[in-house]
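Here's the letter readout for the chains.
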Amino acid sequence: MKKLLPISLLLLFSLFAFAQKNKIQPDKRLTGLDTALEKLLKDWKTAGFAVAIVEKNKVIYSKGFGYRDYAAKKPVTPNTLFAIGSCTKAFTASLLGMLEKDGKLSLDKKATGYLPALHFFNTDMDEKITVRDMTTHRTGLPRHDYSWYLFPTASRDSLLQRIQYQEPNAGIREVWQYNNFMFLTQGMIAEKISGKSWEENIKEKIFTPLGMNRSNLSIKNMEKDEDASLGYSLKKDSSIKKLGYFNIDGMGPAGSINSSVTEMANWVITWINNGQFNSKEILPGSYIQGAISTQMAMGGALPDKAHPDIYFSNYGLAWFLTSYRGHYRVEHGGNIDGFSASTSFFPSDSIGIIVLTNQNASAIPSVVRNLVADRMLKLQYRNWSNEYKLMVAKSALQAKEAEKNKTSNRIAGTKPSHTLTDYEGVFNNPGYGDMEVYVKKDTLFARTNKDSMWLRHYHYDVFEVKGFDKEEGLDTSSGGTVLNFRTGDDGKIGSLSITLEPSLKPITFVYKPGPKALSKEALQKYVGEYELGGMTTKVYLKEEVLFVFVPGQPEYETIALGNHTFKLKALDGFSVQFDVANDKVTGMRFIQPNGIFKAKRK
């Protein structure tokens, strides 16, 4: 008779056998992936990046590489927060998809009907541009990005007001042209209809149901997080340099979300599963289908010899669409100071890839995305890192050749028509903002509320716009954008123009007289009656403001500009200047577009 094994041993044996039989096998598609991705850090001189891969409704890979704080050697983790830039746009557009499902909005109705404060460059655009046109970048407006980038403000209302002064360069629905302002506007439409801020809508309708609890919508919140990445750039293609965070709260709906690959994975799972997450609808399925379908052709994008299996380039609702090696790919990138990102998925294959990096304008997201996609889709190996390296090198060579072939129209031996201090002042364009020109140590500079620029004399009243760095000093390289000062009929500097939107004529900034604080006592000496062409003109004070009254006209409030000159507040181009001898006012001059008219003090 056989000796019986103890029941406990039999149970242990059976459990062991079961475990062996059902052991989770490693995904062969991911074999060696860690090594391949680690190598990219060195190849691209990158501080760090993170990757997540989803399949169907699961995260099958997530890992961080390199450092989120390069100096302190703090590692990137799958939970490290990065700025995702324009990957934000799909979140914003989704709010409109939810509103449309609820019957509160139609993508095909005019945008100004939902947001009365919105005005475009002309009434035709006001009447014809729909919400869908804005979501698909087909309004006829070019980027006008320097408006928000060089002249940032936290006020969305102020940014919205700039749109009516921004000139189109094409007709409505004629061409595809990327425009961040149109996504700011979509966020504001959601605010107007819902009665809640864009931030509240994103948290309530997307972040919370998707468990994106650490994701946030402002650099101020990102700075407080213990596992947040710093941003970097590659200095002279060789050394990693830390960049400061760029707060774009005002343009938030176009690109201010900060997230991790772990939490972005939940977002991508939702898209792969037709708007469902954990068996609950987050986004309307009808919206999902429309968003990942062609809404606007971006270009021909014909297959070429190098990439015969990559072709077509279209745009959905806040998503780029392409055929990647025989597979339908939906993707959007993101770039903001110090960070680059890619969010992509293959709806027919139920595969998604998220890549976030702390390197400015980096190829890493594209390289990693393609490398991972080839493995997941079981495609033939391609060395994408080398291909992108060749593309970058080719682009640099072309730029160098263009520089060699460039001819200068600079006229030697000229000098500015005014002393440098005459160029000082604040210049305004309503579609952009204020630019201040000032002199420092006998050198002319300009600054916006984001950056300062060195103005190096080129010829006559034209200056080259150059940067400067505390460590490297002034940029003495040749070429670049020029800034042209222009004088008014009175010979004074009246405006400046600079090319900020390449597809349009230079943008003009008009001199904006700055008010001078004068006491009531200082203003009192101008008070009196003046004889002007047989009429008596009166100058008087109301509290501490000087007013001018001409018979038959309304009284004019003035703004003191200094040098005994006062602008008429209600009339552009009109001012009065008082004649003063031995500190006594003897007369005044009315300076206006059709001439200068003298008046003698009575």
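To keep things clear, this report deals only with the structure shown in the data block. Everything numeric here is computed off the predicted structure, so don't read it as measured data. (Residues numbered from 1 in each chain as written. Predicted model: local features only at pLDDT ≥ 70, side-chain atom pairs only at ≥ 80, totals over all residues. Heavy atoms only, no water.)

### Points about the overall build of the protein chain
Piece 1. Each helix and strand in the protein chain was counted, giving 16 helices and 33 strands.
Piece 2. When its C-alpha atoms are laid out on the principal axes, the protein chain stretches across 140 × 55 × 50 Å.
Piece 3. Relative to its 602 residues, the protein chain shows a buried fraction of 47%.
Piece 4. Sequence separation of at least 24 residues holds for 55% of the intrachain contacts in the protein chain that already meet a minimum separation of 6.
Piece 5. Surface summary for the protein chain: the accessible area is close to 30100 Å², and the carbon and sulfur share equals 53%.
Piece 6. Across the protein chain, the mean location of the 77 positive side-chain charges is 5 Å away from that of the 63 negative side-chain charges. (Helix = DSSP H or I, 4+ residues; strand = E, 2+ residues; numbered from the N terminus. Buried < 20%, exposed > 50% of the residue type's maximum accessible area, 1.4 Å probe, protein only. Contact = heavy atoms within 4.5 Å. Areas by Shrake-Rupley, 256 points an atom, 1.4 Å probe, with all protein chains shown as cover. Lys, Arg positive; Asp, Glu negative; His and termini not counted. Charge placed at Lys NZ, Arg CZ, Asp CG, Glu CD.)

### So, helix 2 (residues 33-43)
Piece 1. Within the span of helix 2, buried status applies to Leu 33, Leu 37, Leu 40 and Leu 41. The arc that holds the buried residues of helix 2, viewed along the axis, is 105°, so those residues lie on one side. Those residues of helix 2 that are exposed and angled more than 90 degrees off the buried face are Thr 35, Lys 39 and Lys 42.
Piece 2. Contact partners of the buried residues in helix 2: strand 1 (48-55), strand 2 (58-69), helix 14 (364-376) and helix 15 (384-405).
Piece 3. Phi turns positive, to about 50°, at Lys 45, one or two residues after helix 2. (Arc of directions from axis to C-beta.)

### As for the pattern of salt bridges
Piece 1. Going through the model one piece at a time under the given rule, you end up with 32 salt bridges.
Piece 2. With a shortest N-O distance of 3.8 Å, Asp 309 and Arg 382 are connected by a salt bridge. Here Arg 382 lies in the loop between helix 14 and helix 15 and Asp 309 lies in the loop between strand 10 (296-299) and strand 11 (310-315), a separation of 73 residues in the sequence.
Piece 3. Across the salt bridge formed by Asp 337 and Lys 450, the nearest N and O atoms sit 3.7 Å from each other. (Salt bridge = Lys/Arg side-chain N within 4 Å of Asp/Glu carboxyl O.)

### Notes on the sheet that holds strand 11
Piece 1. Taken in spatial order, the nine strands make up an open sheet running 3-2-1-15-14-13-12-11-10, and their pairing is antiparallel. Since the sheet does not close on itself, it has two edges, and those belong to strand 3 (74-75) and strand 10, each with one partner.
Piece 2. Here eight bridges tie strand 1 to strand 2, and the two strands are oriented antiparallel to one another. Counterpart to Val 51 in the pairing with strand 2 is Lys 63.
Piece 3. Relative to strand 2, helix 2 is tilted by about 30°, and along the sheet it contacts strand 1 and strand 2. (Pairing = 2+ DSSP bridges. Axes fitted to C-alpha atoms, helices over the stretch in contact; angles between N-to-C directions.)

### Examining the pairing of strand 18 (residues 443-447)
Piece 1. Across five bridges, the pairing between strand 17 (residues 433-440) and strand 18 is antiparallel. Within strand 18, the position partnered with Lys 440 by the bridge is Thr 443.
Piece 2. Hairpin connection of strand 17 to strand 18: two residues between the antiparallel strands, including Lys 441 at a positive phi of 50°.
Piece 3. Count of turn residues in the strand 18/strand 19 (residues 452-459) antiparallel hairpin: four residues.

### Some remarks on the pairing of strand 29 (residues 556-562)
Piece 1. Alignment of strand 28 (residues 545-549) against strand 29, held across two bridges, turns out to be antiparallel. Residue pairing across strands places Val 548 opposite Tyr 556, the latter belonging to strand 29.
Piece 2. Summarising the sheet, strand 29 and strand 30 (residues 565-568) pair through four bridges and their orientation is antiparallel. Looking at the pairing, Thr 558 lines up with Leu 568 of strand 30.
Piece 3. What sits between the antiparallel neighbours strand 29 and strand 30 is a turn of two residues, in which Asn 563 has the positive phi angle 55°.

### Some details on the environment of Ile 591
Piece 1. Tracing the backbone shows Ile 591 in strand 32 (residues 584-592).
Piece 2. A sequence separation of 82 residues divides Ile 591 from Phe 509, and the C-alpha atoms of the two residues are 21 Å apart.
Piece 3. Once residues within four sequence positions are removed from consideration, Ile 591 is found in contact with Gly 573, Phe 574, Ser 575, Gln 577 and Ile 596.

### Topic: the sheet that holds strand 28
Piece 1. With respect to topology, eight strands assemble into a closed barrel ordered 26-27-28-29-30-31-32-33, the strand pairing being antiparallel. If you compare each strand with its neighbour and ignore which way they point, the axes differ by 35° on average.

### Here we look at the packing of aromatic side chains
Piece 1. A full pass over the atoms with the stated rule returns 37 aromatic pairs.
Piece 2. On the basis of an interplanar angle of 85° and a centroid distance of 5.8 Å, the ring pair of Trp 148 and Tyr 149 is categorised as edge-to-face.
Piece 3. Given the relative accessible area of 10%, Trp 148 is considered buried.
Piece 4. On the basis of relative accessible area, Tyr 149 is assigned to the partly exposed category, the value being 22%.
Piece 5. Between the aromatic rings of Tyr 432 and Phe 509, the centroid separation amounts to 6.3 Å while the plane-to-plane angle is 65°, which identifies the pairing as edge-to-face. With Tyr 432 in the loop between strand 16 (425-429) and strand 17 and Phe 509 in strand 25 (residues 507-512), the pair connects residues that are 77 residues apart, well separated along the chain. (Phe/Tyr/Trp six-rings, centres within 6.5 Å; stacked < 30°, edge-to-face > 60°.)

### So, helix 12 (residues 261-272)
Piece 1. Its twelve residues give helix 12 an end-to-end C-alpha distance of 16 Å, which sits within 8% of 16 Å, the value for a rise of 1.5 Å per residue.
Piece 2. Listed as buried for helix 12 are Val 261, Glu 263, Met 264, Ala 265, Asn 266, Trp 267, Val 268, Ile 269, Thr 270, Trp 271 and Ile 272.
Piece 3. Looking one or two places after helix 12, you find Asn 274, whose phi comes out positive at around 55°. (Expected span 1.5 Å × (residues − 1).)

### Re the packing of helix 8 (residues 181-194) against helix 9 (residues 198-207)
Piece 1. The contact between helix 8 and helix 9 brings their axes to 9 Å, and the two run at 80°. Looking at the two axes, helix 8 sits roughly perpendicular to helix 9. Packed against helix 8, whose contacting residues are Gly 187, Ala 190, Glu 191 and Ser 194, the element helix 9 presents Trp 198, Glu 199 and Asn 201 at the interface.
Piece 2. When the residues that make up the contact of helix 8 with helix 9 are grouped by side-chain class, the tally is two nonpolar, three polar and two charged. (Parallel < 35°, antiparallel > 145°, perpendicular 65-115°, else oblique. Nonpolar A, V, L, I, M, F, W, Y, C, P; charged D, E, K, R; others polar.)

### Structural notes on the nonpolar core
Piece 1. Counting 85 residues, the largest nonpolar core has Phe 91, Trp 267, Trp 271 and Trp 319 as the members making the most contacts within it.
Piece 2. At eight residues, the largest contribution of residues to this core is made by helix 12.
Piece 3. If sequence neighbours within four positions are ignored, Trp 319 has contacts with Ala 90, Trp 267, Trp 271, Ala 291, Ile 292, Asn 314, Val 330, Glu 331, His 332, Thr 343 and Phe 345.
Piece 4. Within the second largest apolar cluster, 27 residues are counted, among which are Leu 37, Leu 40, Val 355 and Val 367. (Core = buried A, V, L, I, M, F, W, Y, C linked by side-chain atoms within 4.5 Å.)

### What to know about unusual backbone geometry
Peptide bonds are trans in most cases, and residues, glycine excluded, mostly fall at negative phi.
Piece 1. One non-glycine residue with positive phi stands out, namely Arg 173, at about 65°.
Piece 2. Among the structural elements, Arg 173 can be located in the loop between helix 7 (156-162) and helix 8.
Piece 3. Residue class for Arg 173 comes out partly exposed when judged on its relative accessible area of 39%.
Piece 4. With a phi close to 70°, Ala 318 is a non-glycine residue in the positive phi region.
Piece 5. Within the secondary structure layout, Ala 318 lies in the loop between strand 11 and strand 12 (320-324).

### A few points about the side chain of Asn 358
Piece 1. Mapped onto the fold, Asn 358 is located in the loop between strand 15 (351-357) and helix 14.
Piece 2. Separated by 2.9 Å, the side chain of Asn 358 and the backbone oxygen of Tyr 67 make a polar contact.
Piece 3. Look past the residues within four positions of Asn 358 in its chain and what remains in contact with it is Ala 47, Gly 48, Tyr 67, Arg 68, Phe 82, Ser 229, Leu 230, Gly 231, Tyr 232, Gly 338 and Phe 339. (Polar contact = N/O pair within 3.5 Å; in protein donor to acceptor, adjacent residues only side chain to side chain.)

Any functional reading would require information beyond the geometric quantities listed.
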